[in-house]
Amino acid sequence: MGYEVALTKAWEKVAALGLTKTETKFLADTYSVDLEARKVFSLSCNTAAKDFTTILILHYLAVSLKGLPALTNEWASFKELSGIEGYAEAFRQRSILPILHKYGRNPSEILSVLERFPGKRVNEADIGIVVEVFAQVPVMILLWRSDDEFGPEASILFDKNINRIFCIEDIVVLAGLIASQL
């Protein structure tokens, strides 16, 4: 699947704000963004960012340069976000299932993520963490242990302002990237 149209629009949106070069943190990495060369470069991996990561970073920058919305400190599940029709299964496949596959048998292992990513443990579910994926973009990951009746379960929650920063497609990709890097 090509990202050319989305990339072009994202580059144009950020360029219209007068930015030429900047850096931004995304999860445990810092990315250099060069608008003139139209390149997003991972400083820790010393490689160009993948197209879908570039799009997320550019969409984030387009909003952050204008001013990010204040955090609501209210959490919403993916199902509670508006405009999710048709995306629920993709969200579950890309984010929830990989988290369950990796941490379902031993949820407390997810705490090791906090050694690599900015975040903190929270007293929610059996094990919960909040990871700061971008500045002012926290994501809560909750895990429940299996018991006699139910298997393990996981959930990803977003600050209710997430829809003011990213579209639903971006949120699905963002959650999938988070899950893949946990």
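Presented here is a report on the structure given in the accompanying data block. (Residues numbered from 1 in each chain as written. Predicted model: local features only at pLDDT ≥ 70, side-chain atom pairs only at ≥ 80, totals over all residues. Heavy atoms only, no water.)

Some remarks on helix H1 (residues 4-15)
Part 1 of the argument: Compared with the 16 Å implied by 1.5 Å per residue over twelve residues, the 16 Å span of H1 between its first and last C-alpha is a close match.
Part 2 of the argument: For H1, the complete set of buried residues consists of Leu7, Ala10, Trp11 and Val14. Viewed along the axis of H1, the buried residues span an arc of 100 degrees, placing them on a single side of the element. Exposed residues on H1 whose side chains face more than 90 degrees from its buried face are Val5 and Lys9.
Part 3 of the argument: Close packing links the buried residues of H1 with strand E2 (29-34), strand E3 (39-42) and helix H2 (51-64). (Helix = DSSP H or I, 4+ residues; strand = E, 2+ residues; numbered from the N terminus. Expected span 1.5 Å × (residues − 1). Buried < 20%, exposed > 50% of the residue type's maximum accessible area, 1.4 Å probe, protein only. Arc of directions from axis to C-beta. Contact = heavy atoms within 4.5 Å.)

Re the pattern of salt bridges
Part 1 of the argument: Counted under the stated rule, the structure contains three salt bridges.
Part 2 of the argument: Between Glu74 and Lys160 there is a salt bridge, with the nearest N and O atoms lying 3.4 Å from each other. Here the residue Glu74 occupies a position in the loop between H2 and strand E5 (75-77), and Lys160 occupies one in the loop between strand E9 (153-159) and helix H4 (168-181), the gap between them amounting to 86 residues. (Salt bridge = Lys/Arg side-chain N within 4 Å of Asp/Glu carboxyl O.)

What to know about the nonpolar core
Part 1 of the argument: Judged by nonpolar contacts, the single largest core of 57 residues is most densely connected at Val133, Ile141, Phe158 and Phe166.
Part 2 of the argument: Of all the elements in the fold, those that place two or more residues in this core are H1, E2, H2, helix H3 (88-103), strand E7 (127-134), strand E8 (137-144), E9 and H4.
Part 3 of the argument: Not counting the four nearest positions on each side in its chain, Phe166 is found in contact with Leu56, His59, Tyr60, Phe134, Val137, Ile171 and Leu174. (Core = buried A, V, L, I, M, F, W, Y, C linked by side-chain atoms within 4.5 Å.)

Focus: the environment of Glu115
Part 1 of the argument: With respect to the helices, strands and loops of the structure, Glu115 is situated in the loop between H3 and strand E6 (119-122).
Part 2 of the argument: We classify Glu115 as exposed; its relative accessible area is 71%.

Some remarks on the sheet that holds strand E1 (residues 21-26)
Part 1 of the argument: If you walk across this open sheet you meet the four strands as E1-E2-E3-E4, and the pairing is antiparallel. Each edge of the open sheet is held by one strand with a lone partner, namely E1 and strand E4 (47-48).
Part 2 of the argument: Looking at chain direction, E1 and E2 are connected through six bridges and run antiparallel. Residue pairing across strands places Glu23 opposite Ser32, the latter belonging to E2. (Pairing = 2+ DSSP bridges.)

Digging into the side chain of Asp159
Part 1 of the argument: Examined against the element boundaries, Asp159 turns out to sit in strand E9.
Part 2 of the argument: No salt bridge is formed by the buried Asp159; its nearest oppositely charged neighbour, Arg164, is found at 7.9 Å.
Part 3 of the argument: Of note is the side chain of Asp159, whose polar atom sits 2.9 Å from the backbone nitrogen of Asn73.
Part 4 of the argument: Ignoring anything within four residues of it in the chain, the contact list for Asp159 reads Leu71, Thr72, Asn73, Glu74, Trp75 and Pro138. (Lys, Arg positive; Asp, Glu negative; His and termini not counted. Polar contact = N/O pair within 3.5 Å; in protein donor to acceptor, adjacent residues only side chain to side chain.)

Topic: a negative patch on the surface
Part 1 of the argument: On the surface, a cluster of negative charge is made up of Asp126, Asp147, Asp148 and Glu149.
Part 2 of the argument: Among the secondary structure elements, Asp147 is positioned in the loop between E8 and E9.
Part 3 of the argument: The class for Asp147 is partly exposed, based on a relative accessible area of 48%. (Patch = residues over 30% accessible without salt bridge, like charges linked within 9 Å, V, L, I, M, F, W, Y side chains within 5 Å. Areas by Shrake-Rupley, 256 points an atom, 1.4 Å probe, with all protein chains shown as cover. Charge placed at Lys NZ, Arg CZ, Asp CG, Glu CD.)

Let's talk about the packing of aromatic side chains
Part 1 of the argument: Under the defined criterion, the tally for this structure stands at seven aromatic pairs.
Part 2 of the argument: Taking 6.3 Å as the distance between ring centres and 45 degrees as the angle between the ring planes, the aromatic pair formed by Phe26 and Tyr31 counts as tilted.
Part 3 of the argument: Classification of Tyr31 as buried rests on a relative accessible area of 9%.
Part 4 of the argument: Centre to centre, the rings of Tyr60 and Phe134 are 4.2 Å apart; their planes meet at 10 degrees, and the pair counts as stacked. One end of the pair, Tyr60, is in helix H2; the other, Phe134, is in strand E7, and 74 residues separate them in sequence. Across the pair, Phe134 and Tyr60 agree in class, each one buried.
Part 5 of the argument: Clustering of aromatic rings is evident, with ring pairs tying together Phe26, Tyr31, Tyr60, Phe134 and Phe166.
Part 6 of the argument: Its end group placed over the ring of Phe117, Arg116 keeps NZ or CZ at 5.0 Å from the ring centre. (Phe/Tyr/Trp six-rings, centres within 6.5 Å; stacked < 30°, edge-to-face > 60°. Lys NZ or Arg CZ within 6 Å of the ring centre and 35° of its normal.)

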